[in-house]
Amino acid sequence: MMKNITKFILLLAMTVLAVACNSKTTPQETADPVLSYYKLAGTWKLAEWNGVSYDNSITYVYLTLDSKEQTFTLYSNMDSYYPEVRSGLFDLEYDYDLQYNVLTGYYDYSFGFFQYDYRVLLEGNDTMIWMAIGANDKCVYKRSELPEDLK
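What comes next is a walk through the structure. Each chain carries its own residue numbering, running from 1 in the direction its sequence is written. For this predicted model, a pLDDT threshold of at least 70 governs which residues receive local features, and a threshold of 80 or more governs which side-chain atom pairs are given and counted, while totals over whole chains, interfaces and linings are taken from all residues. Hydrogens and waters are ignored; side-chain quantities use all the structure's heavy atoms.

Observations concerning the overall build of the protein chain
Quick reminder of the rule: A run of DSSP states H or I qualifies as a helix once it reaches four residues; a run of E qualifies as a strand once it reaches two. Both are numbered from the N-terminal end. Accessible area is worked out with a 1.4 Å probe on protein chains only. A residue is then buried under 20% of its type maximum, exposed over 50%, and partly exposed in between. To be clear on the numbers: accessible area is Shrake-Rupley with a 1.4 Å probe, and residue cover counts the displayed protein chains and nothing else.
In terms of regular secondary structure, the protein chain is built from 2 helices and 10 strands. Counting from the amino terminus, helix and strand elements in the protein chain follow one another as α-α-β-β-β-β-β-β-β-β-β-β. Of all 151 residues assigned to the protein chain, the portion counted as buried reaches 30%. Surface accessibility of the protein chain: about 10,500 Å² in total, with carbon and sulfur atoms responsible for 55%.

Regarding the side chain of Asp137
Cut-off, in case you're wondering: His is not counted, nor are the chain ends; Lys and Arg add positive charge and Asp and Glu add negative charge. Salt bridges, as used here, are contacts in which a Lys or Arg side-chain nitrogen is within 4 Å of a carboxyl oxygen on Asp or Glu. Should any heavy atoms of two residues lie within 4.5 Å, those residues are considered in contact.
Inspection of the secondary structure assignment puts Asp137 in the loop between β9 (127-132) and β10 (138-143). Buried charge without a salt bridge: Asp137, with Lys138 as the nearest opposite-charge side chain at an N-O distance of 11 Å. In this structure, Asp137 is in contact with Trp49, Asn50, Tyr116, Tyr118, Trp130, Met131 and Ala132, ignoring residues within four places of it in sequence.

Topic: unusual backbone geometry
Its identity as a non-glycine residue notwithstanding, Gln70 has a phi of 55°, on the positive side. Along the chain, the position of Gln70 falls in the loop between β3 (61-66) and β4 (71-76). For Gln99, which is not glycine, the phi dihedral falls at a positive 65°. Looking at where Gln99 falls in the secondary structure, it is placed in the loop between β5 (84-95) and β6 (100-107).

Remarks on the pairing of β3
Put simply, the rule reads: Two strands are said to pair when DSSP picks up at least two bridges between them.
Direction of pairing for strand β1 (residues 42-49) relative to β3: antiparallel, over a ladder of 4 bridges. Following the sheet pairing, Trp44 is matched in β3 by Leu63. By the bridge criterion, 6 bridges tie β3 to β4 in an arrangement that is antiparallel. The residue bridging Leu65 from the neighbouring strand is Phe72, located in β4. The turn joining β3 and β4, which pair antiparallel and follow one another in sequence, is formed by 4 residues; a positive phi near 55° is taken by Gln70.

Digging into the nonpolar core
Formally: Take the buried Ala, Val, Leu, Ile, Met, Phe, Trp, Tyr and Cys residues and link them wherever side-chain atoms come within 4.5 Å; each set so joined is a nonpolar core.
Counting 23 residues, the largest nonpolar core has Met128, Trp130 and Tyr141 as its most contacted members. In contact with Met128, not counting residues within four places along its chain, are Leu40, Trp44, Leu63, Leu65, Val120, Leu121, Leu122, Cys139, Val140 and Tyr141. Of all hydrophobic cores here, the second largest spans 5 residues; its members include Tyr60, Tyr62, Leu146 and Leu150.

Regarding the packing of aromatic side chains
How we decide: To pair, rings of Phe, Tyr and Trp, with the six-membered ring standing in for Trp, must have centres within 6.5 Å; the planes then decide the type, stacked if under 30 degrees apart, edge-to-face if over 60, and tilted in the middle. A ring is scored as having a charge over it whenever the NZ atom of a lysine or the CZ atom of an arginine sits within 6 Å of its centre and within 35 degrees of its normal.
Applying the stated criterion across every chain, the model contains 14 aromatic pairs. Measuring from centroid to centroid gives 6.2 Å for Tyr116 and Tyr118, while their planes differ by 85°, and the two rings are edge-to-face. Looking at Tyr118, the relative accessible area reads 9%, which means it is buried. Here a set of aromatic residues connected by ring pairs shows up, and it is made of Phe72, Tyr107, Phe111, Phe114, Tyr116, Tyr118, Trp130 and Tyr141. A cation over a ring is seen here: Arg86 above Phe111, with NZ or CZ 4.2 Å from the ring centre.

What follows is the structure, given as structure tokens:
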């Protein structure tokens, strides 16, 4: 009797493990307003900042988000002729009272917290919008590949 129960529990655990390992982790459209880390994962290029387009500009910002480690890497030449690379941690949570997703972050190497917390929206799978909470600052990012010279 005990042997059968043990076998049953082992079989159940193996089934759950097999199903979990085979599940896909690709972003899919959903009506759920709560964003998950994996939906934001990947590389994004700044396309617009406060209404100014950066699509065809020599000035760039690339943002790579890692959903597993909750880390980011920011590649930018906004403040310098030469590329600057900054990294850090980010956090994403849904504010049920305000009914939107809030992204916060912290830079490595003593750069401190992000200047603002951001309300984050996804339009489809290819457009991400960050709106600063408490300020008039809006960034629109498009999914992109990181250029070879920045890798």
